[in-house]
Amino acid sequence: MSDHGHDEFSDDVAPGDEHGDVLSSLGGYLVGLVLALGLTATSFWVARTHALWGPGVPIGLCVLAIAQMGVHLVFFLHITTGPDNTNNVLALAFGVLIVFLVVVGSLWIMANLNHNMGPMEMPQAEMRHI
């Protein structure tokens, strides 16, 4: 411990945490903006280039999208692992769960409908008039 009442890790903060002064928080936003723009430009490059293996493009785009979400969560929404962010992380996890259930449930329903409602055959009399 030092005389100033700070421990040795008092200046050690996560990228999304508040630093206290305007310049350092503006710097965090600028770093987030540069990372977000870089990931967006990379996504457009991945979608248009022929330098990548064709079936690997969707996987690359998914990885870049997840990285983009991480940048937004940390630098703009300030979601960190600090003890004061527990409610934010739980709310985010609940939102992700709800979105996952809606997407998976919709896909399950559509697959079930596709399986149970096969193509309808046209009667022979109507086919002669076509």
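Residues numbered from 1 in each chain as written. Predicted model: local features only at pLDDT ≥ 70, side-chain atom pairs only at ≥ 80, totals over all residues. Heavy atoms only, no water.

*Asks:* Got a minute to help me understand the environment of Asn85 in this structure?
*Replies:* Considering the arrangement of structural elements, one finds Asn85 in the loop between α2 (57-76) and α3 (86-116). Within the structure, the side chain of Asn85 is placed 2.3 Å from the side chain of Thr80, a separation counted as a polar contact. (Helix = DSSP H or I, 4+ residues; strand = E, 2+ residues; numbered from the N terminus. Polar contact = N/O pair within 3.5 Å; in protein donor to acceptor, adjacent residues only side chain to side chain.)

*Asks:* I'm lost on unusual backbone geometry in this one. Help?
*Replies:* Glycine aside, negative phi is the norm for most residues, and most peptide bonds take the trans geometry. Although it is not a glycine, His78 sits at a positive phi angle of roughly 55°. Positionally, His78 belongs in the loop between α2 and α3.

*Asks:* When you look at the packing of aromatic side chains in this model, what are you seeing that I'm missing?
*Replies:* When we look at a pair of aromatic rings, we describe it by the centre distance and by the angle of the planes. A full pass over the atoms with the stated rule returns 1 aromatic pair. Taking 6.2 Å as the distance between ring centres and 15° as the angle between the ring planes, the aromatic pair formed by Tyr29 and Phe76 counts as stacked. Of this pair, Tyr29 sits in helix α1 (residues 22-48) while Phe76 sits in helix α2, and the two are 47 residues apart along the sequence. Residue classification places Phe76 among the partly exposed positions, given a relative accessible area of 26%. (Phe/Tyr/Trp six-rings, centres within 6.5 Å; stacked < 30°, edge-to-face > 60°. Buried < 20%, exposed > 50% of the residue type's maximum accessible area, 1.4 Å probe, protein only.)

*Asks:* Honestly, the side chain of Thr49 in this entry has me stumped. Any pointers?
*Replies:* Tracing the backbone shows Thr49 in the loop between α1 and α2. A relative accessible area of 17% places Thr49 in the buried class. Of note is the side chain of Thr49, whose polar atom sits 3.1 Å from the backbone nitrogen of Ala51.

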